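# Coordinates in review
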Amino acid sequence: MGTLSNSFKIAVFEGDGIGPEITKPTLEILKSASSNYEGFSLDFEFLPAGAGHYRDTGSALPKESMDRARAADAILLSAIGLPDVRYKDGTEIRPQVDLRFNLDLYAGVRPVKIYPGAKCPLSDPRAKDIDFVLVRESTEGLFAHMHDGKVVDDQYATETLKITRSTSEKLFDFSFSLARQRAAEKGRPGKVTCVDKANIFRSFWFFRSIFEERAKSFPDVISDAAYVDAMAMWMVQKPWDFDILVTENMFGDILSDLGAGIMGSLGIAPSADIGDDHAVFQPCHGSAPDIAGQGVANPLAMILSAGMMMTWLGHQHGVPQLIECGQGIDDAVTRVLANERGLTRDLGGQLGTEECALAVLEALPSNGSDGNPEAS
Ligand code: ATP
């Protein structure tokens, strides 16, 4: 971890289905974007994992891959999973969940913002101002004992929800710090909203009380709270009001798909799973086996996730060029989406995966783009 020479090792999992198709152009974009900066370099290491690997070898995440991912500075994970490849108990192959648990990646970061040209289903003109981040606790909650659920005598079933003080404190501190960082970037106050069900469940009352304790350490950030059912409604009625939403694992799982829906397509929804020392960056969508191999998958969620990785590495290691590089990738995607001819099929356009990625490559500030990728 961390290097004096600022050479960063990136563990790359190509994934299943459309995974390899969207990984290849993303790495080309990362190479091109980073080649224009002095002061850091990237070194990619491809590691096997996933449903295809499980089918072929019986292991979804080999120990060697896990060890090498742990030793890397960041992990870039493409779409993983295949519907017809499952463990013996019928559950899906999800090494991304194992990575979250093994590396203690407690903060699942799901940015929700409206890119120009994206087909936000909300008709309210304020929808263009939507720009919030959902922080989903990713190591406990209802997923804490996900392999221990029981069906007893075919009569009843139980699952256990776990909230710990130590993880909740770290989760809330992360969320308040992120609000602070965004407030500085955007020149307006930051706000964190705790999303829970504290009116019904003791575990969520505990969650909320820890949130209120931690809020006292961030007096410059506004804090409030909402019940998850109301939040589901408000994410449709007034999503432009939110800055950071922080919530339990299962609630976050559901609300993050709602967030992706607001953005207009899963194909442009990036994500990060962040802990104290490690982080995984992955598109929100699955491996889309229905379109795999056709060259039509939207690569932008993967490219945006790679941009988030650069920004995170920059903050983590105090390298401003990395932050600038990450912002440059986000800006290039924004420019591509602003051009109707820059859209893939899921967004109502005609571009294939490679053409869309090429448009992003040409729109990178360093590649002399005039901000209008018409040429593509
Ligand atoms: P998972 O449970 O693994 O998240 P899922 O069952 O929700 O997966 P996805 O694989 O995400 O399903 O696909 C859902 C739908 O969205 C499919 O019709 C798929 O083709 C489409 N889709 C997903 N990702 C993309 C993408 N990058 N580009 C275009 N379409 C996509």
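Residues numbered from 1 in each chain as written. Predicted model: local features only at pLDDT ≥ 70, side-chain atom pairs only at ≥ 80, totals over all residues. Heavy atoms only, no water.

## Focus on the nonpolar core
Formally: Nonpolar cores are built from buried Ala, Val, Leu, Ile, Met, Phe, Trp, Tyr and Cys residues. Side-chain atoms within 4.5 Å join them into one set. Relative accessible area decides the class of each residue, using a 1.4 Å probe on protein chains only: under 20% of the type maximum gives buried, over 50% gives exposed, and in between gives partly exposed. Numbered from the N terminus, helices here are DSSP runs of H or I no shorter than four residues, and strands are runs of E no shorter than two. Each domain's extent was defined by an automatic or database domain assignment. Contacts between residues were defined by any pair of non-hydrogen atoms, one from each residue, lying within 4.5 Å.
Ranked by internal contacts, the top residues of the largest apolar core, which has 95 residues, are I10 and L30. Here the element with the most residues in this core is helix α9 (residues 300–317); it accounts for 10 residues. Looking at which domains feed residues into this core, each of domain 1 (1–106 + 277–376) and domain 2 (120–263) supplies at least three. Setting aside residues up to four positions removed in sequence, L30 forms contacts with L42, F44, L76, A306, M309, M310 and I329.

## Some remarks on the state of the cysteines
Quick note on the threshold: Any pair of cysteine sulfurs within 2.5 Å is marked as a disulfide.
In the structure shown here, the tally under the stated rule is 0 disulfides. Its sulfur unpaired, C120 is 16 Å from the next cysteine sulfur, which belongs to C284. When its relative accessible area of 17% is taken as the criterion, C120 is described as buried.

## Details of the pattern of salt bridges
For clarity, the threshold we go by: Each salt bridge in this description consists of a side-chain nitrogen of Lys or Arg and a carboxyl oxygen of Asp or Glu lying within 4 Å of one another.
For the structure on display, the rule yields 28 salt bridges. One salt-bridge network, in which partners are shared between bridges, spans D131, R182, K186, R188 and D243.

## Looking at the UniProt feature "domain: Isopropylmalate dehydrogenase-like" (unreviewed entry) in the protein
Definition in use: UniProt positions are given in the numbering used here, feature names are shortened, and annotations may be inferred rather than shown by experiment.
As recorded in UniProt, the sites labelled "domain: Isopropylmalate dehydrogenase-like" (unreviewed entry) are residues 9–360. Helix makes up 42% of residues 9–360 and strand 17%. Its end C-alpha atoms lie 23 Å apart.

## What about the site of the ligand?
Basically, it comes down to this: In these notes, residues near a molecule or strand are those with any non-hydrogen atom within 4 Å of it. Polar contact is the term for a pair of N or O atoms within 3.5 Å; when the atoms are in protein, one must be able to donate a hydrogen and the other to accept it, and sequence-neighboring residues count only if both atoms are side-chain atoms. Note on areas: Shrake-Rupley with a 1.4 Å probe; residue coverage comes only from the protein chains shown. All residues other than Ala, Val, Leu, Ile, Met, Phe, Trp, Tyr, Cys, Pro, Asp, Glu, Lys and Arg, Gly among them, are scored as polar; the first ten of these are nonpolar and the last four charged.
As a structural note, the neighbourhood of the ligand is formed by 13 residues, with R94, G286, A288, D290 and N298 the closest of them. Here an oxygen atom of the ligand and a side-chain polar atom of R94 are 3.1 Å apart. Relative to its free-state accessible area of 620 Å², the ligand is covered by the protein chains to the extent of 63%. When the residues that make up the shell around the ligand are grouped by side-chain class, the tally is 5 nonpolar, 5 polar and 3 charged.

## Observations regarding the domain arrangement of the protein
Accessible area lost upon the coming together of the parts serves often as the stated size of an interface. Going by this rule: Note on definitions: buried area is the accessible-area loss of two parts on being combined, 1.4 Å probe, summed for both.
If you check the domain split of the protein, you get domain 1 (1–106 + 277–376) and domain 2 (120–263). Computed from C-alpha coordinates alone, the two centres of domain 1 and domain 2 are separated by 25 Å. Listed per partner, the contact involves 7 residues of domain 1 and 13 residues of domain 2. In total, about 990 Å² of surface goes out of reach between domain 1 and domain 2, with carbon and sulfur atoms giving 59% of it. Sorting the residues of domain 1 by area buried against domain 2 places R100, F101 and Y106 first, and these three jointly supply 61% of that buried surface. The partner of D104 in a salt bridge is K170, and the shortest N-O contact between them spans 3.3 Å. Viewed at the interface, domain 2 and domain 1 are joined by 3 residue pairs in polar contact (both at pLDDT 80 or more).

## Here we look at the environment of M310
Inspection of the secondary structure puts M310 in helix α9. Considering only alpha carbons, one finds M310 and L322, 12 residues apart in sequence, at a separation of 5.4 Å. Non-local contacts of M310, meaning those with residues more than four positions away in its chain, are made with L30, S34, F40, L42, L322, I323, C325, G326 and I329.

## Examining the confidence of the model for the protein
Regions with low pLDDT carry predicted coordinates that are not meant to be interpreted in detail. Defined as follows: Residue-level confidence of the predictor is summarised by pLDDT, bounded by 0 at the bottom and 100 at the top.
The pLDDT averaged across the protein works out to 92; a share of 96% of its residues lies at or above 70. The model gives residues 370–376 a pLDDT under 50, and that stretch makes 13 contacts with residues more than four places away or in other chains.

## A closer look at the packing of aromatic side chains
Condition: Side-chain rings of Phe, Tyr and Trp (the six-membered ring for Trp) are treated as a pair once their centres are within 6.5 Å; stacked means planes under 30 degrees apart, edge-to-face means over 60, and tilted covers the remaining angles. Lysine and arginine charges are scored as sitting over a ring when NZ or CZ, respectively, is within 6 Å of the ring centre and within 35 degrees of the ring normal.
Taken as a whole, this structure holds 11 aromatic pairs when the rule is applied. Here the aromatic cluster, defined as three or more aromatic residues joined through ring pairs, consists of F172, F176, F201, F204, F207, F211, F218 and F251. Its end group placed over the ring of F143, R136 keeps NZ or CZ at 5.2 Å from the ring centre.

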